[in-house]
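Structural overview
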Amino acid sequence: MFTNPSQNRLQAKAPSAGYHLSVVGEPVPGDETLLTPEALDLIRAVHRKFGRQRLALLDAHFRRRTATDVHHDHPTTPGAPGLERRVVGLTGALHETSSVDALDPTADVWIADFAHLTSPTWTNTIKSHLQLRSAIAGHAPGTRADGGPTVALRPRCLPLLEHHIRVDCEPVPAGFVDVALHCFHNAVALLRTGRGPHFYLPQLGSQSEARLWNDVFDFTERALGLPSDAIRVTVLIDKSAPCRI
């Protein structure tokens, strides 16, 4: 059953999108500036493009749990702009106090953690994205747009769903929401400083998962008209699961 668009307070821009995209979370101050029609269009497009591929990957992951580990060494590429030096790195949640502390100019990298250190309630998620946008723009108290460490966003992992945003009556993968909102609102500002947009992926368990994320990032670049390879990613490989990279 599709949602009546007249009942949606926040809607995507495409004329028919109200019938197949709905935002069902409670209003959060400022959310209308984050969940804009164009941002919701990007979330909808990413979900429709990669939602089924994600489900197939997760199914294959569970089937592979008893397989034999295979390890390969691969050459690494030079550090991306802003990540050449990573001596001091800070990881934190996205409330105002921790954001100001994390953007200490003596640090090299700040990992804005949506995966483990931010409780994934709807209010927390929206407030965290608003706080991150303000920090990158230099509008948050104690921050400035041209200073501080390089920002890398740690999105929520693939199995998690954002039940408050639904496309075709299905909840959208939470990590897709994080990637879409961060790139839509912050990519241009980060590219202007020559330091981003960067991501830090937790619990990467297979080559297929790496390929899916790569495809999501490539699609997002094209959808937003960003330069090729503008998005750069640092990967944390999950060694607790069979891993073929």
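Since this is a predicted model, take the numbers as computed values, not measurements.

A few words now on the side chain of His182. Looking at the secondary structure, you find His182 in helix H5 (residues 174-193). For His182, a relative accessible area of 1% corresponds to the buried category. Filtering out sequence-adjacent residues up to four positions away, His182 remains in contact with His129, Leu132, Ile136, Leu153, Ala187, Leu190, Pro197, His198 and Phe199.

This model, assessed by the stated rule, comprises 4 aromatic pairs. With a centroid separation of 5.6 Å and 85° between ring planes, the pair formed by Phe50 and Phe219 is classed as edge-to-face. One end of the pair, Phe50, is in helix H2 (residues 37-63); the other, Phe219, is in helix H6 (residues 207-224), with 169 residues separating them in the sequence. Put simply, the rings of Phe176, Phe199, Trp213 and Phe217 pair up and form one aromatic cluster.

Walk down a regular strand and you will see the side chains alternate between the two sheet faces. Taken together, the 4 bridges between strand S5 (residues 161-167) and strand S6 (residues 170-173) define a ladder with antiparallel strand orientation. Residue pairing for S6: Val167 is matched across the bridge by Glu170.

Of the residues in the protein, 67% have a pLDDT of 70 or more, and the chain-wide mean is 79. Across residues 1-7, confidence stays below pLDDT 50; counting only partners more than four residues off in sequence or on other chains, it has 12 contacts. Below a pLDDT of 50 lies the segment residues 66-74, which in the model reaches 10 contacts outside its immediate sequence neighbourhood of four places, other chains included.

So, about the pattern of salt bridges. Considering all chains together, one arrives at 5 salt bridges under this definition. Among the ionic pairs, Asp41 bridges to Arg44, the shortest N-O distance being 3.1 Å. Of the two residues, Asp41 and Arg44 are both situated in helix H2; the distance of 3 residues between them amounts to about one turn of the helix. Residue Asp41 is classed as buried on the basis of its relative accessible area of 17%. Here Arg48 and Asp168 are joined by a salt bridge, their closest N and O atoms 2.8 Å apart. Of the two residues, Arg48 sits in helix H2 while Asp168 sits in the loop between S5 and S6, which places them 120 residues apart along the sequence. On the basis of relative accessible area, Arg48 is assigned to the partly exposed category, the value being 43%. With relative accessibility at 29%, the residue Asp168 sits in the partly exposed group.

Rules used throughout
- Residues numbered from 1 in each chain as written.
- Predicted model: local features only at pLDDT ≥ 70, side-chain atom pairs only at ≥ 80, totals over all residues.
- Heavy atoms only, no water.
- Helix = DSSP H or I, 4+ residues; strand = E, 2+ residues; numbered from the N terminus.
- Buried < 20%, exposed > 50% of the residue type's maximum accessible area, 1.4 Å probe, protein only.
- Contact = heavy atoms within 4.5 Å.
- Phe/Tyr/Trp six-rings, centres within 6.5 Å; stacked < 30°, edge-to-face > 60°.
- Pairing = 2+ DSSP bridges.
- pLDDT = per-residue confidence, 0-100.
- Salt bridge = Lys/Arg side-chain N within 4 Å of Asp/Glu carboxyl O.

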